[in-house]
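An overview of the molecular structure
Here is what each chain is made of, one letter per residue.
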Amino acid sequence: WRAKPLRLVLCGLAIAAAVALVVMVGAGADSARATADLAVHRILGAADVHVRNANRGSAYRVPAGEVAALRALPGVALVSGRMEAAISLDFKKEHRWFPAVGVEPAVNQQMRPRKLLSGTALGGAADEIVLDQSVAQALHATVGDTLTLSGDADVKRAVRVVGVMEQPQREILA
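Residues numbered from 1 in each chain as written. Predicted model: local features only at pLDDT ≥ 70, side-chain atom pairs only at ≥ 80, totals over all residues. Heavy atoms only, no water.

1. Topic: the overall build of the protein
- Broken down by element type, the protein carries four helices and six strands.
- Counted from the first residue to the last, the protein has its helices and strands arranged as α-α-β-β-α-β-β-α-β-β.
- Taken across its 174 residues, the protein has 23% of its residues classed as buried.
- In the protein, of all internal contacts separated by at least 6 residues, the share reaching a separation of at least 24 is 60%. (Helix = DSSP H or I, 4+ residues; strand = E, 2+ residues; numbered from the N terminus. Buried < 20%, exposed > 50% of the residue type's maximum accessible area, 1.4 Å probe, protein only. Contact = heavy atoms within 4.5 Å.)

This is the structure in structure tokens:
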């Protein structure tokens, strides 16, 4: 080391830089993971458990009695039932299919708060619908308009737009 002291110093600096890089990458990965978790919790609501039907994608649903039984368990703060399906909306000669989520309004707002851009939140009536802004724009629909809704069974019914909400993030884990 006496013959080439500069080499020793440079090796020491290289090792120190490598250790610093490893620490910074680890801290960055932890920060990114924490940020992603926070974003998921803001979108979906923080949940310890998600209960799904084992036959995902089928017509089978978790029975309402099981949802009620989960709500009755000690230590359970919130249970939100929801149903996902493709629906057809008709308005002013526009006929389009959209993904839809049926929710229990009061419980869903606690679990997954949404920002309304206009109108009101769902009140619980069967003929109410809240559109996200992209669907409202695609149909040129506004609060107060009446749309025709149909699903897989091709049964049509009128629904009244009571609100337009900010477009939610894609709910990957919901």
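2. Here we look at a nonpolar patch on the surface
- Where nonpolar side chains cluster on the molecular surface, the patch consists of L6, V9, L10 and L13 and spans about 410 Å² of accessible area.
- Here L13 lies in helix 1 (residues 5-44). (Patch = residues over 30% accessible without salt bridge, like charges linked within 9 Å, V, L, I, M, F, W, Y side chains within 5 Å. Areas by Shrake-Rupley, 256 points an atom, 1.4 Å probe, with all protein chains shown as cover. Salt bridge = Lys/Arg side-chain N within 4 Å of Asp/Glu carboxyl O.)

3. Some thoughts on unusual backbone geometry
- With a phi close to 50 degrees, K92 is a non-glycine residue in the positive phi region.
- By the element assignment, K92 lies in the loop between strand 1 (82-91) and strand 2 (94-103).
- On the accessibility criterion, K92 (61% relative accessible area) is exposed.
- Even without a glycine there, the phi angle at H140 is positive, about 60 degrees.
- Structurally, H140 is set in the loop between helix 4 (133-139) and strand 5 (146-150).
- For H140, a relative accessible area of 56% gives the class exposed.

4. A word on the side chain of D145
- Positionally, D145 belongs in the loop between helix 4 and strand 5.
- Buried charge without a salt bridge: D145, with K92 as the nearest opposite-charge side chain at an N-O distance of 5.2 Å.
- One polar contact links the side chain of D145 to the main-chain amide nitrogen of T142, over a distance of 2.7 Å.
- Setting aside chain neighbours within four positions, we find D145 in contact with F91, H140, V159, R160 and V161. (Lys, Arg positive; Asp, Glu negative; His and termini not counted. Polar contact = N/O pair within 3.5 Å; in protein donor to acceptor, adjacent residues only side chain to side chain.)

5. Here's the deal with the nonpolar core
- L89, I129, L131, L139 and L147 are the most contacted members of the largest nonpolar core, which totals 17 residues.
- Going through the elements one at a time, strand 1, strand 2, strand 4 (128-132), helix 4, strand 5 and strand 6 (157-165) are the ones with two or more residues in this core.
- At four residues, helix 4 tops the list of elements feeding residues into this core.
- Not counting residues up to four positions away in its chain, the partners in contact with I129 are L89, L122, L149, V159, R160, V161, V162 and G163. (Core = buried A, V, L, I, M, F, W, Y, C linked by side-chain atoms within 4.5 Å.)

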